[in-house]
Amino acid sequence: MVNVKDMLGAAPSGEEVDAAENAWKRLKTHVRGKPNLQRIVWSRALAEIGSVGAAVLAGVAGTTILSPIWSPIKQKVSKSYVEPNLEKIDGWLDGAESIDPPEERADRHTLPEPEQAQKITDYFADNFVLKVAGGVAGQYAAQDFTTKAFKVKGISPKVNAVSVFTDRAVGIGTMIYLNGKGSDHAIEAQQKLESVFMKCGMSEEQAEGWASYAVNIQIPNAVGLLTSIGILTLNAKK
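Residues numbered from 1 in each chain as written. Predicted model: local features only at pLDDT ≥ 70, side-chain atom pairs only at ≥ 80, totals over all residues. Heavy atoms only, no water.

Caption draft 1: Highlighting the packing of helix 3 (residues 36-63) against helix 10 (residues 204-235). Running from N to C, helix 3 and helix 10 cross one another at 155°; their axes reach a closest spacing of 10 Å. By the angle class used here, helix 3 and helix 10 are roughly antiparallel. Along this stretch, helix 3 crosses helix 10, giving a crossing that reads as right-handed. Contacts from L37, I40, V41, R44, E48, S51, V52, A55 and V56 in helix 3 reach W210, Y213, Q218, N221, L225, S228, I229, L232 and T233 in helix 10. Split by residue class, the contact of helix 3 with helix 10 holds 11 nonpolar, 5 polar and 2 charged. (Axes fitted to C-alpha atoms, helices over the stretch in contact; angles between N-to-C directions. Helix = DSSP H or I, 4+ residues; strand = E, 2+ residues; numbered from the N terminus. Parallel < 35°, antiparallel > 145°, perpendicular 65-115°, else oblique. Left-handed = near helix turned anticlockwise from the far one by under 90°. Contact = heavy atoms within 4.5 Å. Nonpolar A, V, L, I, M, F, W, Y, C, P; charged D, E, K, R; others polar.)

Caption draft 2: Broad picture of unusual backbone geometry. Here K151, not a glycine, exhibits a phi torsion of approximately 55°, which is positive. Within the element layout of this structure, K151 appears in the loop between helix 7 (113-149) and helix 8 (157-178).

Caption draft 3: Region of the structure containing helix 5 (residues 86-93). Along helix 5, the residues classified as buried are L86, D90 and L93. Taken around the axis of helix 5, the buried residues stretch over an arc of 55°, which confines them to a single face. Counted as exposed and oriented over 90 degrees from the buried face of helix 5: E87, K88 and W92. Next to the buried residues of helix 5 lie helix 4 (67-82), helix 6 (102-108) and helix 7. (Buried < 20%, exposed > 50% of the residue type's maximum accessible area, 1.4 Å probe, protein only. Arc of directions from axis to C-beta.)

Caption draft 4: Broad picture of the nonpolar core. By size, the foremost hydrophobic cluster in this structure holds 14 residues, and its most contacted members are I99, I120, F128, M175, Y213 and I217. Residue assignment for this core shows that the elements contributing at least two residues are helix 5, helix 7 and helix 10. Looking at this core element by element, the count peaks at 4 residues for helix 7. (Core = buried A, V, L, I, M, F, W, Y, C linked by side-chain atoms within 4.5 Å.)

Caption draft 5: Inspection of the packing of aromatic side chains at higher detail. Tallying each qualifying case throughout the model produces 7 aromatic pairs. Taken together, a centroid distance of 5.7 Å and an interplanar angle of 40° make the contact between W24 and F150 tilted. Highlighted residues: W24 in helix 2 (residues 14-32) and F150 in the loop between helix 7 and helix 8, separated in sequence by 126 residues. Note on W24: relative accessible area 25%, which makes it partly exposed. Given a relative accessible area of 0%, F150 falls into the buried group. Plain terms: the ring middles of W92 and F124 are 6.1 Å apart, the flat faces sit at 50° to each other, and that makes the pair tilted. Here W92 is found in helix 5, whereas its partner F124 is found in helix 7, with 32 residues between them in sequence. On the accessibility criterion, W92 (52% relative accessible area) is exposed. Taken together, the ring pairs connect W92, Y123, F124 and F128 into an aromatic cluster. Between the NZ or CZ atom of K131 and the centre of the ring of W210, over which it lies, the distance is 3.4 Å. Across the ring face of Y213, the terminal group of K131 is positioned such that the distance to the ring centre comes to 5.3 Å. (Phe/Tyr/Trp six-rings, centres within 6.5 Å; stacked < 30°, edge-to-face > 60°. Lys NZ or Arg CZ within 6 Å of the ring centre and 35° of its normal.)

Caption draft 6: A look at the side chain of Q139. Within the element layout of this structure, Q139 appears in helix 7. Within the structure, Q139 has its side chain in polar contact with the side chain of D167 (distance 3.1 Å). When residues no more than four places from it in sequence are discounted, the contact partners of Q139 are R44, A47, S51, V164, D167, R168 and N221. (Polar contact = N/O pair within 3.5 Å; in protein donor to acceptor, adjacent residues only side chain to side chain.)

Caption draft 7: The arrangement of the pattern of salt bridges in detail. Scanning the model with the defined rule gives 12 salt bridges in all. Among the ionic pairs, K79 bridges to E83, the shortest N-O distance being 3.8 Å. K79 sits in the exposed class, given a relative accessible area of 56%. D100 is paired through a salt bridge with R105; the nearest N and O atoms lie 3.1 Å apart. Each member of the pair, D100 together with R105, is buried. Look at the salt bridges and you will find they share partners, linking D90, D94, D100, R105 and R108 into a network. (Salt bridge = Lys/Arg side-chain N within 4 Å of Asp/Glu carboxyl O.)

Here is the structure:
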């Protein structure tokens, strides 16, 4: 059984909590004294940190405390939906070289079909369901909180939601590019990241998953970040 206390580490001391609260108060005072556009940039930057942090937590939770629930769900999806449609799904992946690099695809094809289906299910469930869902939720929550905390003028929860949605839509477009004309560069970046992650102690499978997440999710996310800042700026009051 996973020990949650061990996973999260020791609880912060009273002095650490006080220091964090004071640092947050100083930051709020500092940002509120800036022009509205700079408040927006601060808010989006912190929301991006919240998005990545929430995605990481979701990914870790999927392999730890949520594993007894998450793993059977993935097995069910693999057996009932992916395996019966493996040929169609594999055909679609044939045109997504960044998501499914040729060498990894060749390795997967050496496995029995049930194992191929499970690998595909695990990959998409862990990287495009858990992490993306966690990232979207974390981004919206952090962005809504910080725009209020920094007193950004003219930004309502609805505008925040529109900016998050557009951010993701632009991200999807960038992801399509990375799996098309930009696939060579995307694959090269993933291979370099995999090497770095493995040197940090990750298994090959974990390194592949996080490298793919970084390139196929976080690079599009960065492009979406700039777009969402533009949307917030257009809707904000001077």
